[in-house]
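Architecture at a glance
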Amino acid sequence: MIEKLTVISAFLGIASMIGGLLGILFTVTVAFSRIRVVEAKIAEPGAYLDMTKTLWGDGPWGRWIRAMNVWSFFTYRNLPVIGSKVASRMGEEDGATPRHLKLWALIPVTSTFACAMILTVSAIIMVIVE
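Residues numbered from 1 in each chain as written. Predicted model: local features only at pLDDT ≥ 70, side-chain atom pairs only at ≥ 80, totals over all residues. Heavy atoms only, no water.

A word on the pattern of salt bridges
So the rule is basically this: By definition, a salt bridge exists where a carboxyl oxygen of Asp or Glu is found within 4 Å of a side-chain nitrogen of Lys or Arg. Numbered from the N terminus, helices here are DSSP runs of H or I no shorter than four residues, and strands are runs of E no shorter than two. Each residue gets one of three labels from its accessible area relative to the maximum for its type: buried under 20%, exposed over 50%, partly exposed in between, using a 1.4 Å probe on protein chains only.
Scanning all chains against the criterion turns up four salt bridges. The partner of arginine 36 in a salt bridge is aspartate 58, with the nearest N and O atoms 3.0 Å apart. Of the two residues, arginine 36 sits in helix 2 (residues 32–42) while aspartate 58 sits in the loop between helix 3 (48–56) and helix 4 (60–76), which places them 22 residues apart along the sequence. As a salt-bridge pair, glutamate 39 and arginine 66 come within 2.6 Å of each other at their nearest N and O atoms. Of this pair, glutamate 39 sits in helix 2 while arginine 66 sits in helix 4; the two residues are 27 residues apart in sequence, bridging distant segments of the chain. Residue classification places arginine 66 among the buried positions, given a relative accessible area of 4%.

The following block contains the structure:
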């Protein structure tokens, strides 16, 4: 039973690692053209999202950081108490951003974070079982 749990956890960890890397690659290549459009809609001059655009640039690492910041904007603004304050520091949405553009920013980053969580849990299970 313990060996079976270890093997399942190892395969799950490997699969989530590969899925996370593919999610990052998808985000910085295919999805980033749409994320750039969303970023242009919400990054007002002088706000955090505008500064990260100039600070991190357009390389692969900068694209990933910028995608995570756009994800953070849409995620944090829904927090009950501090959401509006955090979102206002990051940028401001000029009207409603179309849902399909939001999903281009939310789904790849969320799936990458989910793969990271699965990898962490499977590593913890392997350490506890062994």
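Additional details are given in the paragraphs that follow.
Focus on the side chain of glutamate 39
Formally: In the analysis that follows, any N or O atom pair within 3.5 Å is treated as a polar contact, provided that within protein one partner can donate a hydrogen and the other can accept it, and provided that, for residues neighboring in sequence, both atoms belong to side chains. A contact between two residues is defined here by any heavy atoms of the two lying within 4.5 Å.
Using a relative accessible area of 1% as the deciding quantity, one classes glutamate 39 as buried. Separated by 2.6 Å, the side chains of glutamate 39 and arginine 66 make a polar contact. With sequence-adjacent residues up to four places away left out, glutamate 39 is seen in contact with Leu49, Lys53, Arg66 and Val70.

A closer look at helix 4
The cut-off we apply is this: In this scheme, a helix's expected span is set at 1.5 Å multiplied by one less than its residue total.
Relative to the 24 Å expected for 17 residues at 1.5 Å per residue, helix 4 spans 24 Å between its end C-alpha atoms, a close match to the ideal helical length. Those residues of helix 4 that are buried are in contact with helix 1 (2–29), helix 2, helix 3, helix 5 (83–90) and helix 6 (99–129).

Some details on the packing of aromatic side chains
Our working rule: Aromatic pairing here means that ring centres of Phe, Tyr or Trp (its six-membered ring) are within 6.5 Å. Orientation follows from the plane angle: under 30 degrees is stacked, over 60 is edge-to-face, and everything else is tilted. Any Lys NZ or Arg CZ found within 6 Å of a ring centre and within 35 degrees of that ring's normal is scored as a charge over the ring.
Applying the stated criterion across every chain, the model contains four aromatic pairs. For the pair tryptophan 64 and phenylalanine 113, a centre-to-centre distance of 6.4 Å together with 75° between the ring planes defines the contact as edge-to-face. Taken together, the positions of tryptophan 64 in helix 4 and phenylalanine 113 in helix 6 put the pair 49 residues apart, joining distant regions of the chain. Take tryptophan 64: its relative accessible area is 9%, and that puts it in the buried class. Judged by centre distance (4.8 Å) and plane angle (80°), the rings of tryptophan 71 and phenylalanine 113 are edge-to-face. Placement of tryptophan 71 in helix 4 and of phenylalanine 113 in helix 6 is noted, with a sequence separation of 42 residues between them. Taking the relative accessible area as the measure of exposure, tryptophan 71 reaches 15% and is therefore buried. Under the relative-accessibility criterion, phenylalanine 113 is labelled partly exposed at 28%. Taken together through their ring pairs, the aromatic side chains of Trp64, Trp71 and Phe113 make up a single cluster. When the ring centre of tryptophan 104 is taken as reference, the NZ or CZ atom of arginine 34 above it lies at 4.3 Å.

Here we look at a nonpolar patch on the surface
Let me state the cut-off plainly: Note on patches: the residues involved have over 30% relative accessible area and no salt bridge, like charges join within 9 Å, and the nonpolar side chains Val, Leu, Ile, Met, Phe, Trp and Tyr join within 5 Å. Throughout, the Shrake-Rupley method with a 1.4 Å probe supplies accessible areas, and for residues the shown protein chains are the sole cover considered.
Where nonpolar side chains cluster on the molecular surface, the patch consists of Val7, Phe11, Ile14, Ile18, Leu22 and Leu25 and spans about 610 Å² of accessible area. The topology assignment puts leucine 22 in helix 1.

With respect to the nonpolar core
Let me state the cut-off plainly: Only buried residues count toward a nonpolar core, which is a set of Ala, Val, Leu, Ile, Met, Phe, Trp, Tyr and Cys residues joined through side-chain atoms within 4.5 Å.
The biggest cluster of nonpolar side chains holds 20 residues, and the ones touching the most others in it are Ile35, Val38, Ile42, Leu49, Val70, Phe73 and Phe74. Every element with two or more residues in this core is listed here: helix 2, helix 4, helix 5 and helix 6. The biggest single contributor to this core is helix 4, with six residues. Those residues in contact with valine 70, other than ones at most four positions away along the chain, are Ile35, Val38, Glu39, Ile42, Leu49 and Ala105.

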